[in-house]
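Report on the structure
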Amino acid sequence: MSEEVVAKVLSGTELSKETKSNLKKQTDALAEHFNGFKARLIIVQVGGRDDSNVYIRQKIKSAAEVGVEASHVQYPKTITQNELLSEINKYNIDSSVHGIIVQMPLDCIENIDSHLITNAVSPEKDVDGLNIVNEGRVAIGDLTGLIPCTPNGVIQLIKRSGIEISGTRAVVLGRSKIVGAPVASLLLWHNATVTICHSKTKDIEKEVSKADILVVAIGKPEFVHGSWIKPGAVVIDCGINSIQDSSKKSGYRLVGDVHYSSTSLRASAITPVPGGVGPMTVAMLLSNTVQAATKVANNIFKSQWNLDILPLKLQRPVPSDIEIARSQEPKNIMLLAKEIGLKESEVILYGNKKAKICISTLDRLKNINNGKYIVITGITPTSFGEGKSTTTVGLVQALAAHSKKNTIACLRQPSQGPTFGIKGGAAGGGYSQVIPMEDFNLHLTGDIHAVTAANNLMAAQIDARMFHEATQKDQALYDRLVPTVNGVRKFSPIQLNRLKRLGINKTDPSTLTAEEITSFSRLNIDPDTISWNRVMDTNDRFLRKITIGQSPTEKNHTRQTCFDISVASEIMAILALAKDASDLKERLSRIVVAQDKKIGNLTSNKDVTADDLGMTGAMAVLLKDAINPTLMQTLEGTPVLVHAGPFANIAHGASSIVADLLASKLVGPDGYVVTEAGFGSDIGMEKFFNIKTRYSGLLPSTIVLVCTVRALRMHGGGAISPNVSATPVEKEEALSKGVANLQKHVSNCVKYGVPVVVAINAMKADTENEWKIVRDASLQAGAMDAVVSTHWENGGSGAIKLAETVIKASQQPQEFKFLYDLNMPLQLKIEIIAKEMYGAKSVEYNEHVLNKLSSYQSKGYGNLPVCVAKTALSLSGDPNLKGVPTNFTLPIVDVYVSAGAGFVVTIAGEISKMPGLSTRPSIYDIDLNTETGEIIGLF
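It should be emphasised that the depicted structure is a prediction, and the values quoted were computed from it without experimental measurement.

Within the chain one finds 32 helices and 37 strands. By residue count, 55% of the 939 residues in the chain fall in the buried class. A separation threshold of at least 6 residues defines the contact pool for the chain, and within that pool the share at least 24 residues apart is 74%. Here the chain carries 98 positive and 93 negative side-chain charges, and the mean point of each set is 2 Å from the other.

Here it is in structure tokens:
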């Protein structure tokens, strides 16, 4: 009797309550620290076993208690193994899911390998701890991952007993993969001496009697008797068995693998059954879920990237752009993606040097505060350009590689028209480039081709629809538009949309009246009002005016039209302004391609939209990959997002909102997003703020205004050609006059209430005194500072001072304001832009323009922002007027609505939407080395 002790009852119910209370505090802290972040658990069930349903309800209830969002997903018994694996993979790649469990046993008709299923769950989300990777980690002593739930619960109960595990002799009865083996490993790595007993072990009683800690998990009711137990041992009973008991109402009672009454007289501590290990299994499941979610949150919200910076090998003289680009081997794009916090499932590889980033990544990052938003703009440029893209790349290299700030550059994809024409690419230059520059400047990931295909499909549908309406009677046309297929006749969803717009509240095609059939079937497009042109990504002057429909098969249904360059398509502007796939589709549906004409008693001048033509879904399908931005890198290995490329003189001229939103989340609240507004502050920046910023909601922190001494001399009457000789005095005199253009652009920037930093893009011929003239003029006009930057020659190290100034400026208070109120009439908006941004005295409209503006106001387009298409080579509408023209009138020669993009376009002066090739375009210099595959002569 001296060996008998009163065993301490190790209540799993009580310990699980304490554990869940602590978990609730952790989930509350997650939500508080990470903007409402919530742990999410998915419980996968096959079939509908009653016992499984009970367990699942318990898990969901417990999850709710600790602040974990648990969802029960039930599949039918008929599901196949491959189907189940596919479903599990969906949750593996779903960034909003942090934990996945598959309820066992699988209640299925098909033969499904349960081990294959548990191993299909991602190790990072395997909160049951049953994936072979997690089991392997436990086996080798790596206890930092997700530990199997029941074994982990066992260890917590042992610790609860007060026994010091280290140095004890532990015996584990049972070697199952789920309990016995991992418990033994855990005890071993807690420094116990462990013996595993199983069905083949001889003299189990003798082995058990040596145990300071005994864990039993063999599935045999009351197998271990108290007489086996070493006095004072800690006994953990993992078994739960049903045995007959006539004294119970149910006719049975639950017992463990240990004979409780006799064992409790010798053990120092023992777990009851039920109420012991069972509740702790659920608690550890939730603990793993919170652990997995916390790891995800910490990764999402981590403050500092650890970029592998690519060192530059600076040469003098500076080689050609393409030589520099080829001398630097880009790092694997997946490595860069992981460095900036992207998951493998969010990256779509296009080789190993570029990749698309899934727009769904925004959902995972939605709780992160945005980074600082830096907008790069410029003065009125020369035909050579003043280096905005080069400055953008140089600045991000300085910020990310040298100042160690999370920074992403967001750039437009360049059109191939200028690439093969005269301007060249837009990857930057010198030692501040995006690489691989050939990929950047050519096809990249095919977005422009997708825009071209969507645009031209619409154009084809417009002419085809006019042809079919002209050659068919109402009933025949209707029967073809709404055919009977396999005995069923119904409207497509997009056709139901049209019926709704027409006020026809019917869904059965057979119930339409003759008048309703006519109204539904005939768009009655007025060919003289068609504003939708075909496009191609090539400079071709002979497509500026063409005649289509000349084949005999078109039965003399000809009309004059033209081609635009692809990046001038409204679809490109829509791609750049859409915030997500739904927004993209909605904008596509609103595109206005023409107006209808009066036929009989039908009213005329109604807009014909993409939705009327049935085009919305088809275009969205063509653009489904194009909505995802492309990840590239700078010469120094810092990230760049390339996306969309609307023309800056015709459209709004900025990279996509999607890329900016994604970059803002990836860099985090202490990071920087640097993006570019096309051409000067008068065109690109004005549209950036009054169009793009309105739709994105992203407010700028700093404006960087790029200038060159060369361009400012030109604006003061000096020559820009290095072959024209001029004395230093003459150069400085021209510069002193030309800085007025810079000051006008600074003034434009200041109007928006954002700090302005002037970046002087240094060139070899510049002098210190010239830089001083530019800096003094900048400060006088209201710039916060003016900094000389040598990034073209030195890469990021040449822009360190610029980066420091931008960081300082971004910390300044700013009160951003738009140039005009959207509720103003269109005419007033145009005049505010012309007078405030360009310096015009007045605006001139012809009668045709005034009538169209009046029509747009009446149709509800009056509250849209205005996009003025004008020359970039002058503040005025005349490209020959340099410096700061005054007392001029801006002529508005045409106007049209881009209803999908969400702005009204006014044409000021002669603006071509299809460039032409010069006498000697760049194509003469471009070639392919067929032996090496290298491109020759591209910059």
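Moving on, there is more to tell.
Strands sit in the order β3-β2-β4 across an open sheet of 3 strands; the sheet is parallel. The sheet is open, and its two edges are formed by β3 (69-75) and β4 (99-102), each paired on a single side. On average, each strand axis in the sheet is tilted by 20° relative to the strand beside it, whichever way the strands run. Here 7 bridges tie strand β2 (residues 40-46) to β3, and the two strands are oriented parallel to one another. If you follow L41 over to β3, its bridge partner there is A70.

On to the pattern of salt bridges, then. Applying the stated criterion across every chain yields a total of 43 salt bridges. A salt bridge links K506 to E516; its shortest N-O distance comes to 2.8 Å. Taken together, the positions of K506 in the loop between α19 (493-502) and α20 (514-521) and E516 in helix α20 put the pair 10 residues apart, joining distant regions of the chain. Residue class for K506 comes out partly exposed when judged on its relative accessible area of 26%. With a shortest N-O distance of 3.0 Å, D925 and R920 are connected by a salt bridge. Judged by relative accessible area, which is 37%, D925 ranks as partly exposed. Through salt bridges with shared partners, a single network forms among R498, R501, D611 and D612.

All right, on to the environment of G153 then. Tracing the backbone through its elements, the reader meets G153 in helix α6 (residues 149-161). For the pair G153 and V277, spaced 124 residues apart in the sequence, the C-alpha separation amounts to 6.5 Å. Sequence-distant contacts of G153, defined by excluding residues within four places in its chain, comprise M280 and M284.

Here we take up helix α5 (residues 132-139). Taken residue by residue, α5 has N134, E135 and V138 as its buried positions. For α5, the angular spread of buried residues about the axis comes to 100°, placing them on one side. Where α5 is buried, its residues contact α7 (180-189). Positioned one or two residues after α5, G141 has a phi angle of 90°, which is positive.

As a further point, take the environment of V44. Structurally, V44 is set in strand β2. On the basis of relative accessible area, V44 is assigned to the buried category, the value being 1%. What V44 contacts, discounting residues up to four positions off in sequence, is V73, Y75, L84, I100, I101, V102 and Q103.

With that settled, the discussion passes to the packing of helix α25 (residues 681-696) against helix α31 (residues 826-838). With their axes 10 Å apart at the nearest point, α25 and α31 run at an angle of 125° to one another. Considered as vectors, α25 and α31 are oriented oblique to each other. Here the hand of the crossing between α25 and α31 comes out right-handed. Within the contact between the two elements, α25 uses S681, D682 and E686 and α31 uses I833, M837 and Y838.

Under the definition given, this model contains 12 aromatic pairs. By the ring-pair criterion, three or more aromatic residues cluster together here, those being Y373, F688, F689, Y752, F816 and F818. Of note, K870 hangs over the ring of Y838, and the distance from its end group to the ring centre comes to 4.8 Å.

Backbone-to-backbone hydrogen bonds pair the strands of a sheet. The strands run either parallel or antiparallel. The mixed open sheet is built from 4 strands, whose spatial order is β32-β34-β35-β33. Whereas interior strands pair on both sides, the edge strands pair on one side only; in this sheet they are β32 (842-845) and β33 (866-869). For this sheet, the mean angle separating the axes of adjacent strands, direction not counted, is 40°. Inspection of the sheet shows β32 paired to strand β34 (residues 889-898) by 4 bridges, in the parallel sense.

For the rest of this paragraph, the subject is the pairing of strand β8 (residues 234-237). What you see with β8 is no split at all: V234 and I236 on one side and V235 and D237 on the other are buried throughout. Alignment of strand β7 (residues 213-216) against β8, held across 4 bridges, turns out to be parallel. For V215, the partnering residue across the bridge sits in β8 and is I236. Here β8 pairs with strand β11 (residues 269-270) via 2 bridges, running parallel. Note that in β11 the partner of V234 across the bridge is A269.

For E686, the position within the fold is in helix α25. Despite its burial, E686 pairs with no opposite charge, the nearest such side chain being K687 at 6.1 Å. Excluding its chain neighbours within four sequence positions, the residues that come into contact with E686 are S681, I691, Y752, L819, Y820, I833, M837 and V866.

The subject of this paragraph is a nonpolar patch on the surface. On the surface, a nonpolar cluster with roughly 290 Å² of combined accessible area is contributed by I240, Y252 and L254. The topology assignment puts Y252 in strand β10 (residues 252-255).

Residue position: R710 is located in helix α26 (residues 709-715). Owing to a relative accessible area of 17%, R710 belongs among the buried residues under this scheme. A distance of 2.9 Å separates a polar side-chain atom of R710 from the backbone oxygen of G385.

Conventions adopted
- Residues numbered from 1 in each chain as written.
- Predicted model: local features only at pLDDT ≥ 70, side-chain atom pairs only at ≥ 80, totals over all residues.
- Heavy atoms only, no water.
- Helix = DSSP H or I, 4+ residues; strand = E, 2+ residues; numbered from the N terminus.
- Buried < 20%, exposed > 50% of the residue type's maximum accessible area, 1.4 Å probe, protein only.
- Contact = heavy atoms within 4.5 Å.
- Lys, Arg positive; Asp, Glu negative; His and termini not counted.
- Charge placed at Lys NZ, Arg CZ, Asp CG, Glu CD.
- Pairing = 2+ DSSP bridges.
- Axes fitted to C-alpha atoms, helices over the stretch in contact; angles between N-to-C directions.
- Salt bridge = Lys/Arg side-chain N within 4 Å of Asp/Glu carboxyl O.
- Arc of directions from axis to C-beta.
- Parallel < 35°, antiparallel > 145°, perpendicular 65-115°, else oblique.
- Left-handed = near helix turned anticlockwise from the far one by under 90°.
- Phe/Tyr/Trp six-rings, centres within 6.5 Å; stacked < 30°, edge-to-face > 60°.
- Lys NZ or Arg CZ within 6 Å of the ring centre and 35° of its normal.
- Patch = residues over 30% accessible without salt bridge, like charges linked within 9 Å, V, L, I, M, F, W, Y side chains within 5 Å.
- Areas by Shrake-Rupley, 256 points an atom, 1.4 Å probe, with all protein chains shown as cover.
- Polar contact = N/O pair within 3.5 Å; in protein donor to acceptor, adjacent residues only side chain to side chain.

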